[in-house]
Amino acid sequence: MRCPFCDGGASRVLDSREAGRGVRRRRVCQNCGQRFTTYESQAPLALTILKRGGRAEGYDRAKLLHSLQVVCYKRPVPAVQIEAAVDRIEAELARLGQSTISSLQLASVALDQLSSLDEIAYLSYASSVRRFHDAEEVLAEIEVLRMLQRRNAEARVQMRLQFDEDQPHWN
Ligand SMILES: [Zn+2]
């Protein structure tokens, strides 16, 4: 990170804080003593989404975030939790390690996150993806929602057990 005043290469970090999806750092140049701010952000996810009609488009975080904000509108879900859900969706997509996925795969990863965020938001999202024809299909989707909720609750318990095992025991 070069100093914007003298182009010197060495600087010391005075202060770091989380800012959005990145980290904001106050630095002091070790050459000229001027202070400047740098901003580090996570690299965007490079992923191609295959749409239903066969059209391909680049993954767009803002678009995904917006689609979750729409279904969470007037639901008791804080904005930071929607952002965090998008982070977890991206982490899951990165874990899959594929360079191309279908829009339906993306939707199922998003629904998995929504299942533990808000049930009505989940059903709104599912409705726009699956295009329900009747109430039976909605009931079937509620079964899927319940299954995801059970699975995620079990995963959280497993994680806690793992965490407890990892803790040192002093007695
Ligand atoms: Zn400098």
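Residues numbered from 1 in each chain as written. Predicted model: local features only at pLDDT ≥ 70, side-chain atom pairs only at ≥ 80, totals over all residues. Heavy atoms only, no water.

Participant: What is the right way to read the environment of A107 from this model?
Facilitator: The topology assignment puts A107 in helix α3 (residues 103-115). A107 sits 18 residues away from I89 along the chain, and the two C-alpha atoms are 9.7 Å apart. Excluding residues within four positions of it along the chain, A107 makes contact with Y125 and V129. (Helix = DSSP H or I, 4+ residues; strand = E, 2+ residues; numbered from the N terminus. Contact = heavy atoms within 4.5 Å.)

Participant: How should the domain arrangement of the chain be read in this particular structure?
Facilitator: In many analyses, interface size is given as the accessible surface area lost on bringing the parts together. Split by domain assignment, the chain resolves into domain 1 (11-41) and domain 2 (48-164). The C-alpha-based centres of domain 1 and domain 2 are spaced at 35 Å. (Domains from an automatic or database assignment.)

Participant: Can you walk me through the pattern of salt bridges in this structure?
Facilitator: Think of it this way: side chains of opposite charge can pair up when their charged atoms draw near. Taken as a whole and assessed by the stated rule, the structure comprises 14 salt bridges. E57 is the salt-bridge partner of K51, the closest N and O atoms lying 3.8 Å from each other. On the basis of relative accessible area, K51 is assigned to the partly exposed category, the value being 27%. Its salt-bridge partner being K63, residue E57 comes within 2.8 Å of it at the nearest N-O pair. Looking at K63, the relative accessible area reads 43%, which means it is partly exposed. Each of the salt bridges in this network shares a partner with another, and the network as a whole consists of K51, R55, E57 and K63. (Salt bridge = Lys/Arg side-chain N within 4 Å of Asp/Glu carboxyl O. Buried < 20%, exposed > 50% of the residue type's maximum accessible area, 1.4 Å probe, protein only.)

Participant: Would you explain the nonpolar core in this entry?
Facilitator: Nonpolar side chains in soluble globular proteins tend to be buried together. Counting residues in each nonpolar core, the largest one holds 29 residues, and the members touching the most others are L68, I89, L93, L114 and Y125. Secondary-structure elements contributing two or more residues to this core are α1 (61-71), α2 (79-96), α3, α4 (119-130) and α5 (135-166). It is α3 that contributes the most residues to this core, six residues altogether. Those residues in contact with I89 that sit more than four places away from it in its chain are L64, L68, L106, V109, A110 and Q113. (Core = buried A, V, L, I, M, F, W, Y, C linked by side-chain atoms within 4.5 Å.)

Participant: How do you make sense of the coordination of the zinc ion when you look at a structure like this?
Facilitator: Metal coordination angles in their ideal form are 109.5 degrees for the four-donor tetrahedron and 90 or 180 degrees for the six-donor octahedron. Protein-derived ligands of the zinc ion are C3 (SG), C6 (SG), C29 (SG) and C32 (SG), with the metal-ligand distances lying across 2.3 to 2.4 Å. In this structure, the zinc ion is coordinated by four donor atoms arranged in tetrahedral fashion, with angles at the metal of 102 to 115°. A residue is classified by how much of its surface remains accessible, and C32, at 36% relative accessible area, is partly exposed. (Donors = N, O, S within 2.8 Å, 3.2 Å for Na, K, Ca; no water. Tetrahedral: all angles 85-135°; square planar, octahedral: opposite > 155°, others 65-115°.)

Participant: For this particular structure, what's the right way to read α2?
Facilitator: Side chains that are three or four residues apart share a direction in an α-helix, a result of its 3.6 residues per turn. Across its 18 residues, α2 extends 26 Å between first and last C-alpha, which sits within 8% of the 26 Å expected from 1.5 Å per residue. On its buried face, α2 is in contact with α1, β6 (100-102) and α3. G97 occupies a position one or two residues after α2 and carries a positive phi of about 70°. (Expected span 1.5 Å × (residues − 1).)

Participant: Sorry, what's going on with the pairing of strand β3 (residues 35-41) here?
Facilitator: Side-chain positions along a regular strand alternate between the two faces of the sheet. The sheet contact formed by strand β2 (residues 22-29) and β3 spans seven bridges and is antiparallel. From the neighbouring strand, R26 faces β3, where its bridge partner is T37. Hairpin connection between β2 and β3: a loop of five residues separates the two successive antiparallel strands, and G33 in this loop has a positive phi of roughly 80°. (Pairing = 2+ DSSP bridges.)

Participant: What exactly am I supposed to notice about unusual backbone geometry here?
Facilitator: Generally, phi is negative for residues other than glycine and the peptide bonds are trans, each holding for most cases. Positioned with a positive phi, D7 is a non-glycine residue whose angle comes to about 70°. Relative to the helices and strands, D7 is located in the segment before β1 (11-19). Take D7: its relative accessible area is 47%, and that puts it in the partly exposed class. A positive phi angle, close to 50°, is found at R131, a residue other than glycine. By secondary structure assignment, the location of R131 is in the loop between α4 and α5.

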